[in-house]
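# Descriptive analysis of the structure
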Amino acid sequence: MIRRISTKLLLAVLAAVVLPFLGFALFVENQMAGRLSKDVVLYSLKGIAADLALRVERDVEEWNASIALLAADPGCYLAVDEAWREESGELEREAPAERRLMRRTQIEQFNHWISARRGYDLFLLVDAQGRLVASSTVGSSGLGLAPEVSAELQARTYEREVWFEAAKAGRAHRVDQHTSPLLPPRNAAAPRSPENFHIGFSAPVVWPEDELQPELSGVFVGAVFALVNWSRVQDELNSPLLKEYFQGLVGPDEFPSAYGWVWKSDADTILAHARTELYGERVSQPPISLPQMTQAALASDWGLYPEYSFDGERKNAAFKHTRSFDDGGFGWIVGVGIDNDDIFRSVGELRALLFKATLAVLLVAVLWTMVIARRTTQPILALREHVQRVAGGDLQARVSVSSGDEVGELAQALNRMTEELEHGREGLIRAQKELAWREMARQVAHDIKNPLTPIQLSIDLCKRAKAERNPQFESILDQTLQIVGRQVSHLREISSDFSALTGARKENFEVLDLAPLIGEVLDLDAAWAQSLGVDLRRSLEPANVRGDRLLLRRVLLNLVSNALEAMPKGGVLEARLRVDGARVVLDLTDSGVGVPAEVRAHLFEPYFTTRSTGTGLGLAIAKRVVEDHGGTIELAAGENGVGTRVRVSLPAAGGAA
Ligand code: ADP
Ligand code: MG
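Residues numbered from 1 in each chain as written. Chains lettered and ligands numbered in written order. Predicted model: local features only at pLDDT ≥ 70, side-chain atom pairs only at ≥ 80, totals over all residues. Heavy atoms only, no water.

## Notes on the nonpolar core
Heads up, the rule is: Definition of nonpolar core: a set of buried residues of the types Ala, Val, Leu, Ile, Met, Phe, Trp, Tyr and Cys, connected through side-chain atoms within 4.5 Å. Only protein chains enter the accessibility calculation, which uses a 1.4 Å probe; a residue whose area is less than 20% of its type maximum is buried, one above 50% is exposed, and one in between is partly exposed. Where each domain begins and ends is defined by an automated method or by a domain database. For this analysis, residues touch if any pair of their heavy atoms sits within 4.5 Å.
Judged by nonpolar contacts, the single largest core of 57 residues is most densely connected at Tyr120, Phe123, Leu125, Ile199, Val224, Trp230 and Trp332. Counting contributing residues, this core receives three or more from each of domain 1 (37-54 + 238-345) and domain 2 (73-232). Every residue in contact with isoleucine 199, bar those within four places of it in the chain, is listed here: Trp63, Val175, Asp176, Gln177, His178, Ala226, Leu227, Val228, Trp230, Val233, Phe330 and Trp332. Counting residues in each nonpolar core, the second largest holds 39 residues, with Leu517, Leu559, Val560 and Leu564 among its members.

## Side note on the domain arrangement of the protein chain
Parsing the protein chain into structural domains produces domain 1 (37-54 + 238-345), domain 2 (73-232), domain 3 (396-423) and domain 4 (432-651). Here the C-alpha centroids of domain 2 and domain 3 sit 113 Å apart.

## Focus on the sheet that holds strand E3 (residues 173-178)
Quick reminder of the rule: Note on pairing: two strands pair once DSSP finds at least 2 bridges between them. By the criteria applied, helices consist of DSSP H or I runs no shorter than four residues and strands consist of E runs no shorter than two, each listed in order from the N terminus. For helices, the axis comes from a line fit to the C-alpha atoms of the stretch in contact; other axes are also lines fit to C-alpha atoms, and the angle between any two N-to-C directions lies between 0 and 180 degrees.
Strand order across the open sheet formed by five strands is E2-E1-E5-E4-E3, with antiparallel pairing between neighbours. Each having just a single partner strand, strand E2 (132-135) and E3 make up the two edges of the open sheet. Strand-to-strand twist of the sheet, defined as the mean angle between neighbouring strand axes without regard to direction, takes the value 20 degrees. The strands touched by helix H4 (residues 101-116) within the sheet are strand E1 (120-127), E2 and strand E5 (220-229), with E1 carrying the most contacts at an inclination of about 155 degrees.

## A look at the environment of lysine 320
The condition that has to hold: As used in this structure description, the phrase polar contact means that two N or O atoms lie within 3.5 Å; if the pair is within protein, one of them must be able to donate a hydrogen and the other to accept it, and residues adjacent in sequence are counted only when both atoms belong to side chains.
Mapped onto the secondary structure, lysine 320 falls in strand E10 (residues 313-321). Note on lysine 320: relative accessible area 17%, which makes it buried. The sequence separation of lysine 320 and aspartate 587 amounts to 267 residues, and the corresponding C-alpha distance is 123 Å. With residues near it in sequence (within four places) discarded, lysine 320 still touches Ala49, Ala50, Ala53, Asp301, Trp302, Trp332, Ile333 and Val334. Among the polar contacts made by the side chain of lysine 320, one reaches the side chain of aspartate 301 at a distance of 3.4 Å.

## A word on a nonpolar patch on the surface
Using the following cut-off: Only residues above 30% relative accessible area that lack a salt bridge enter a patch, with like-charged residues linked at up to 9 Å and the nonpolar side chains Val, Leu, Ile, Met, Phe, Trp and Tyr linked at up to 5 Å. To be clear on the numbers: accessible area is Shrake-Rupley with a 1.4 Å probe, and residue cover counts the displayed protein chains and nothing else. Any carboxyl oxygen of Asp or Glu within 4 Å of a side-chain nitrogen of Lys or Arg constitutes a salt bridge here.
A grouping of Val364, Trp368, Val371 and Ile372 is seen on the molecular surface, where their side chains present a nonpolar patch of about 380 Å² in accessible area. Tracing the chain through its elements places tryptophan 368 in helix H11 (residues 345-391).

## As for the packing of aromatic side chains
Note the threshold: Two rings from Phe, Tyr or Trp (for Trp, the six-membered ring) form a pair when their centres are within 6.5 Å of each other. A pair whose planes differ by under 30 degrees is stacked, one over 60 is edge-to-face, and the rest are tilted. Should the NZ of a Lys or the CZ of an Arg lie within 6 Å of a ring centre and within 35 degrees of the ring normal, that charge is described as sitting over the ring.
What the rule picks out here adds up to 20 aromatic pairs. Ring centres of phenylalanine 110 and phenylalanine 123 lie 5.2 Å apart, and the angle between their planes is 10 degrees; this geometry places the pair in the stacked category. Separated by 13 residues along the polypeptide, phenylalanine 110 in helix H4 and phenylalanine 123 in strand E1 bring together distant segments of the chain. Judged by its relative accessible area of 0%, phenylalanine 110 is buried. Relative to tyrosine 279, the ring of phenylalanine 197 has its centre 5.3 Å away and its plane inclined at 45 degrees; by these criteria the two rings are tilted. Of this pair, phenylalanine 197 sits in the loop between E3 and strand E4 (198-206) while tyrosine 279 sits in the loop between strand E7 (270-273) and helix H9 (291-299); the two residues are 82 residues apart in sequence, bridging distant segments of the chain. For phenylalanine 197, a relative accessible area of 12% translates into the label buried. Put simply, the rings of Trp63, Phe201, Trp230, Phe330 and Trp332 touch in pairs and so form one group of aromatic residues. When the ring centre of phenylalanine 604 is taken as origin, the NZ or CZ atom of lysine 623, which lies over that ring, is 5.5 Å away.

## Things to note about the pairing of E3
Most of E3 is tucked away: six of the six residues are buried. When E3 meets E4, the two strands line up antiparallel, connected through four bridges. Note that in E4 the partner of histidine 178 across the bridge is histidine 198.

In structure tokens:
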């Protein structure tokens, strides 16, 4: 198929509009995905991990400080002292209620802390032998501990506990996350629920500076131990901070996938997680199996995990170590992660938007181009049709293109041109008609001249005979009258022929014998031939054709006069007519100047003439007439290359003339 203008336009528009747009879209998308989305989110993750780690650290710090404060309270060593003194029988004189005054006060204080401060589940005060002196008696809800739990606490010895040994050595201590045997699980139905886990804090109780008993100053008298419920730590992970931070990624109606976790200092054991069923799982082991995360977390203090897959989601996450055990912390690793889906959500939305916009631009561009193309091509098609009509000869055709652009100008130019062509052709036709008339007039003049010559000669002869008183005058006069009569009737014939020819006569075909017609034409020109010294020879077989006598006579007259005109110094003109099968063939051979071969091709064109008085129409008309009669006419060199032979071949007609 041809490449249409519309196709080209379309391609051009696509190249000019859509490609740059696509490029822009790609560029924007890359920028969004790379810098705007991912980098922003990753840095945020890092920041949030650090924030979270700091919050957890502060909590731990606060618990450390609180227990130290509590252990330094005089109530503690006085309660221990009271217990000693009771044991040694020193207090036997006191009433039973007063014997336990200090311990009851301490229990009150422990209970007060549990109800006043969130997170504490149990306080213990033990003496230097690891025996319980006092413990809180309420749970975190403010209700009392079950009597059997209290009895159990009382019956235990704490001598072997790590925290007790540390206190004995004068150190505060922390017990990492564990399920405490001291209290029944708060949520027995869900063993991995955060509130079933605890962390422990302990501090030594020391006898203060004592001036009365200087030997007791600074002596280790016992320890305070507190259990903090693990849900306090889990709550930090669940704080709205984390979700809120990434809300912008997903919009107001959805929850961002971000969540946090806490790992033990081995960077492997999960202590806290948004999904509590993962409590206690190992990161590097099945079912989690992400050892590269453990490695990353061990490799530095604060950073990003390598991108990973978990639960069928691609994720990115950051971590931050909390203070080490030696530094008053637990050495936990706090992590924060988010699904890539969320990170790239806005990119996805942007991509969808760009995709739709691209489609829309494409659609609009294509439609618009098609409209433009149609508007452009339609006038061009109209022009093409116009040109085809003009080429087909319809000079009346006008093209109507109303557009004011170049095509419109072209259409106007074409219309002007066609108009000029039309006028030109009218002029041409007029000129042609004139020429045709001149040729006709010339022939008629020639036709008329032929009979006039014998009339003139006979009259001259008659005149001379009368003047000479020729005895044969009578017979000469008779002869003259006869000739004049014959020639006059001939003239009449010519004139009627002529008027018949000029009238709009219809073609009038009849079966006629060509031989007498040729004889007649030769007779007509006999006098002319004689004056030139041309020998007329004829061998004419009777040959019937169907044709118009008058037209054929014109043709023959012209052919004979062409031949005579070619022989100004005499020669031979031979006319041969024969029937050759289904055709009648006339050969007119002269010994004249001949026709150069290169000219021969043009002879039958109208207005081709080598004569100053010629019209150049004779052979053109002859060809037209002969062809109208179903025949052919050709012009060749004469015998031995001398002169010219004109051959007319017509279909033979059966039947008599
Ligand atoms: P015209 O006779 O008016 O010149 P024609 O169409 O009859 O026009 O002839 C065209 C030309 O053909 C003549 O001018 C002449 O040069 C050439 N021609 C025609 N017949 C002959 C012939 N028998 N011999 C030589 N030339 C001829
Ligand atoms: Mg001629």
